[in-house]
Amino acid sequence: MQLTLWTYEGPPHVGAMRIATAMKDVHYVLHAPQGDTYADLLFTMIERLPRRPPVTYTTFQARDLGSDTAELFKNAARDAYQRFAPKAMLVGASCTAELIQDDPGGLAKALDLPIPVVALELPSYQRKENWGAAETFYQVVRTLAGPKAPAPGWVRPARDPAVKPSCNILGPCALGFRHRDDLKEISALLGQLGVAINVVAPLGAGPEDIARLGDADFNVVLYPEVASIAAQWLTRSFGQPATKTIPIGTGATREFIAEVAALAGIDPAPVLAANEARATWYARSVDSTYLEGKRVFVFGDATHAVAAARVAAEELGFTVCGIGTYAREFAREVREAAKKYGVEPLISDDYLEVEAQVEALQPDLVLGSQMERHIAKRLRVPCAVISGPVHVQDFPARYSPQMGFEGANGLFDAFVHPLMMGLEEHLIGMFRGDFEFHADAAPSHLGSGTSAAPSPPALSREREREPEVHSSLSRPAGEGQGEGSAIAVGWAPDAERELHKIPFFVRGRARRNTERYASERGMPTITVETLYDAKAHFSR
């Protein structure tokens, strides 16, 4: 745990709250100080749920530390059972209460409540939110489905061909990035395949649903960060295989359909023939070909980062210049993806390291979380959000999945439109001195009332405040090495102005090439002449 301005994940008890909030008839009693009740806002303000999360806090204060805080917890648990009448209860401690060592699990067991009680041991100072969600879901599954597990050595019998195949969908939970819409999209695909859905968990599942997870033929794991541990236990205990493919993007969705069909023993051909994403044709269309080769930096949770990089590289023709994750538990998957694209992975939960990487790589597009959206905005780089953590605007009222064929269409729009908007920005910049388009002009639909164009048009107010020589960003790793001694370079104001006349969608490449040219030739300051010399050099 560290003190930071921004954090990609909260403490593990927030992950436990995500599981409890997703489920029905479950209540979470959290031994926590009054200040930890802030977590409610994550669900009511950001996800905009119409109800409070099913969490009771002991809300002890500083003056309570000298008295019996254990009794405070027992009273809170007893009152929660009487008031909310849950069918199962989770108990645990927040990071602050963990230091008191009151043992919520033992205290709850002493109450002898007539419902299952799941005691959560979540080390707040070693683990984080996603791990907390996965561990909580695993403990819930093991506690509620465990009594129905067959004896060791049991072999799952073959399914009767006359019986419709069934599966569980594991992973969707509260505060998940597009989980509700992904679930709807994948449920429809499974319906087309003729696969019945036994249980969806944890989202919408009650304790009785968890108890019958073993009835399904196999498990569909949509979010490994949440469901992989529970799915592995179900495989060991009930002999249920689980899917490995995450259906994000057209190619992955088709592979997912084939994998599900193989597990269910059915023919995927009719479903594959009947479905196709519009994005497949759009990516090949004439208005998108100029986007090929655009350099993209991808960062987020491992599942979404790896999937987004594949879509960007294989389906849209982008060049992945960097990939990373804040989820150290899934660093191996990201490292394997990085090898595929020939880049060095960034495994870090420090947003300052991520910002430094974006500055160094100078990508044309950033795909990341809300953290990267802020970073990209500051660096004036287009960005699309593809992963949690997210803010309120990433829980849209519209149907907006990331998975399945409709999700692939949404990804095309999210990845391509920021770059196309950049082209429009350039056109507006070109005509900044025009009487209709200058900064002080009134909206065109108002007709008259436009003021005269400013003179001279020159740079934006932001650029006018910059110092005489602008320090350059670092060059991408590997570029220009070994061709003379590379030095740090800066931009003269007139050269910076000239650079901004270059179209937005190639400006990044022009900047990189010019800085490389100047650095290799020992030029500390880039002038207009240097800019055009570099253009001539790289045009040969």
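Residues numbered from 1 in each chain as written. Predicted model: local features only at pLDDT ≥ 70, side-chain atom pairs only at ≥ 80, totals over all residues. Heavy atoms only, no water.

## A closer look at the sheet that holds strand β4 (residues 117-119)
With parallel pairing, the 4 strands of this open sheet are ordered in space as β2-β1-β3-β4. Only two strands of the sheet have a single neighbouring strand rather than two, namely β2 (55-57) and β4. Sheet twist, expressed as the average angle between the axes of neighbouring strands with direction ignored, equals 20°. For strand β3 (residues 88-93) and β4, the ladder comprises 3 bridges, and the chain directions are parallel. Along β4, the bridge assignment pairs Met-89 with Val-117. (Pairing = 2+ DSSP bridges. Helix = DSSP H or I, 4+ residues; strand = E, 2+ residues; numbered from the N terminus. Axes fitted to C-alpha atoms, helices over the stretch in contact; angles between N-to-C directions.)

## So, the nonpolar core
Core analysis: the largest hydrophobic core is formed by 58 residues, its most contacted members being Val-195, Val-296, Val-298, Phe-318, Ile-323, Leu-367 and Phe-415. Apart from residues lying up to four places away in sequence, Val-298 is in contact with Ala-305, Ala-308, Ala-309, Gly-322, Ile-323, Gly-324, Leu-367 and Ile-386. Residues Trp-131, Phe-137, Leu-175 and Ile-210 belong to the second largest nonpolar core, which totals 51 residues. (Core = buried A, V, L, I, M, F, W, Y, C linked by side-chain atoms within 4.5 Å. Buried < 20%, exposed > 50% of the residue type's maximum accessible area, 1.4 Å probe, protein only. Contact = heavy atoms within 4.5 Å.)

## A word on the confidence of the model for the protein
Residues of the protein with pLDDT of at least 70 account for 84%, and the chain-wide mean is 87. In the model, residues 449-484 has pLDDT below 50 throughout and makes 65 contacts with residues more than four positions away in sequence or in other chains. (pLDDT = per-residue confidence, 0-100.)

## A word on the pattern of salt bridges
Should their charged atoms come close, side chains of opposite charge can pair. The final tally for this structure, using the stated rule, is 23 salt bridges. A salt bridge links Glu-314 to Lys-340; the nearest nitrogen and oxygen atoms lie 2.6 Å apart. In this pair, Glu-314 sits in helix α13 (residues 302-315) while Lys-340 sits in helix α14 (residues 331-341), placing the two residues 26 residues apart along the sequence. What makes Glu-314 partly exposed here is its relative accessible area of 46%. Through salt bridges with shared partners, one network takes in Glu-255, Arg-310, Glu-314 and Lys-340. (Salt bridge = Lys/Arg side-chain N within 4 Å of Asp/Glu carboxyl O.)

## As for the side chain of Asn-130
By secondary structure assignment, the location of Asn-130 is in helix α6 (residues 129-145). Residue class for Asn-130 comes out buried when judged on its relative accessible area of 12%. Apart from residues lying up to four places away in sequence, Asn-130 is in contact with Glu-9, Arg-18, Glu-225 and Tyr-326.

## A few points about the environment of Val-506
If you trace the backbone, Val-506 turns up in helix α20 (residues 504-520). Since its relative accessible area comes to 36%, Val-506 is described here as partly exposed. Sequence spacing of Val-506 and Lys-294 is 212 residues, and the spatial spacing of their C-alpha atoms is 9.1 Å.

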